[in-house]
Amino acid sequence: MRCYVFPGQGTQKKGMGRSLFGRFPDLRRRADRVLGYPIEELCLENPERRLSDTAYAQPAIYVVNALHWSAAQEDLPPADFLAGHSLGEYSALFAAGAFDFETGLTLVRRRAELMSQVSGGAMAAVVGLSEQIVQETLEQHGATGVVIANYNAPEQFVLSGSREELARIKPVFEQVEGVRGFVPVRVSGPFHAPAMAPAADRFRSLLASVEVGELRTPVISNVTGRPFGPDAQEVRDLLADQIARPVRWTDCIRYLRDAGVSAFTELGESKVLTSLIDRITTAMDAAPDPAPDAEAKPARQPAEEPAPDPRRALIERIKREILQPEIGDEALAFDEDASFRQLGLNSIIYVRLARRAGTVLGVPIKPDVIFQHRSCAALADHLLTRDDIAGAAALEASPAPLREYRDERVTALLRDCADGTLTVDRTIEAIRALA
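Residues numbered from 1 in each chain as written. Predicted model: local features only at pLDDT ≥ 70, side-chain atom pairs only at ≥ 80, totals over all residues. Heavy atoms only, no water.

## Section: the nonpolar core
If you look at the biggest cluster of nonpolar residues, it comprises 92 residues, and the most contacted ones within it are Ile-39, Tyr-62, Trp-69, Leu-82, Phe-101 and Phe-340. Looking at this core element by element, the count peaks at 10 residues for helix α3 (residues 54-75). Look past the residues within four positions of Trp-69 in its chain and what remains in contact with it is Tyr-4, Phe-6, Leu-82, Phe-94, Ala-95 and Leu-267. The next biggest cluster of nonpolar side chains, apart from the first, holds 18 residues, and it includes Ala-124, Ala-143, Tyr-151 and Leu-166. (Core = buried A, V, L, I, M, F, W, Y, C linked by side-chain atoms within 4.5 Å. Buried < 20%, exposed > 50% of the residue type's maximum accessible area, 1.4 Å probe, protein only. Helix = DSSP H or I, 4+ residues; strand = E, 2+ residues; numbered from the N terminus. Contact = heavy atoms within 4.5 Å.)

What follows is the structure, given as structure tokens:
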């Protein structure tokens, strides 16, 4: 089964949505009417650095997520589940049919205004420690005004509280054994914490007048880590509660995996959630089996090494050697069934991909071939039918750089650097400390 996930605040950046505003002009016009200002200008030019302001960042992310959802409906297969991280939950509910685009944007705009009015607080990510150690450290050092606001992954938590308290405990956490970072989060207040209760109450009053439709696709709630129920009032209550209660992202992904989801696709301008999901699912796969009952069953034998899959190897090679040089690291998470149309609006993209594919595989490949088989999976299936390509194309490419490292601590630090949790300088410093 498949789940599409939508990112939230912190993923905003200048240039977001550049390839999609022209593709969906009606959505842009509708957003301009609701907001009263040109959303494309805000996203592409970031005048006066407004994207760093919660009141502008949240509507911008919602609109760009909606653009990606519109593209996904044309280019990707249907989803079995939807989920969003914090603000991204509104994108998931819009995609599921809970409300129309304008209603969702109106809610997001008001939510952003209310949350931006709560001042004096901040957030910071703690990376490398378990939940128990994070809680014990807060208690032992009297940080009663600081709470876990985001349960992002088994060893990544976001704290919310006053700037003064976060500044006081920063050096404390940096001395805890195993910590890989204490990193400020790009938000303007202590979100998902008790300090946001007044904003949640005012938002609840607005939600009371909003009509919530039946969900066409199950959406996972950040508050409960379970699907929203059919009751419209429950949806309203959980949306209001979410402002002042923790985001239980780890619980959301665990539920989805247990429900049978094997493919997660992040729609939006980042791959932050993709990285978090990888950590959560990896931890689930590595977890030991439950203790056996009194009548123990025979111990499970190690599984035999699976035979190499030429199709899977070729799909990964297309991503790594053909797409990645053209579009960057996001190619590694590009959905294998996604249309190459997402990479550009004119025919030049097919010419470029054909040229690079020919160089990589050592035989001429026409742009028409890329156009006719316009996804990684479809292109791989076609290439494997060609005698002049199949043998060479299916060869296992060199392993990804991260796999060359056998020290799991180094691998974790490199992943934190890759997804933006740690700066390059901090990563180098931490690796040197390990050495």
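## Section: unusual backbone geometry
Backbone geometry at Glu-48 places phi at a positive 55°, although glycine is not the residue there. Within the secondary structure, Glu-48 is located in the loop between α2 (39-45) and α3. One non-glycine residue, Arg-49, adopts positive backbone phi at about 55°.

## As for the packing of helix α1 (residues 25-35) against α3
α3 packs onto α1 with a crossing angle of 160° between their chain directions and a minimal axis gap of 11 Å. Between α1 and α3, the crossing angle belongs to the class labelled roughly antiparallel. Helix-helix and strand crossings are classified by hand; for α1 and α3 the assignment is right-handed. Judged by residue contacts, Leu-27, Ala-31 and Leu-35 of α1 engage Pro-59, Val-63, Ala-66, Leu-67 and Ser-70 from α3. (Axes fitted to C-alpha atoms, helices over the stretch in contact; angles between N-to-C directions. Parallel < 35°, antiparallel > 145°, perpendicular 65-115°, else oblique. Left-handed = near helix turned anticlockwise from the far one by under 90°.)

## Let's talk about the sheet that holds strand β7 (residues 219-220)
Pairing is parallel in the open sheet, where 4 strands are placed in the order β7-β2-β1-β8. Of all strands in the sheet, those bounded by a partner on one side alone are β7 and β8 (263-266). Helix-sheet contacts for helix α11 (residues 272-286) involve β1 (2-6) and β8, and the interaxial angle to β8 is about 155°. (Pairing = 2+ DSSP bridges.)

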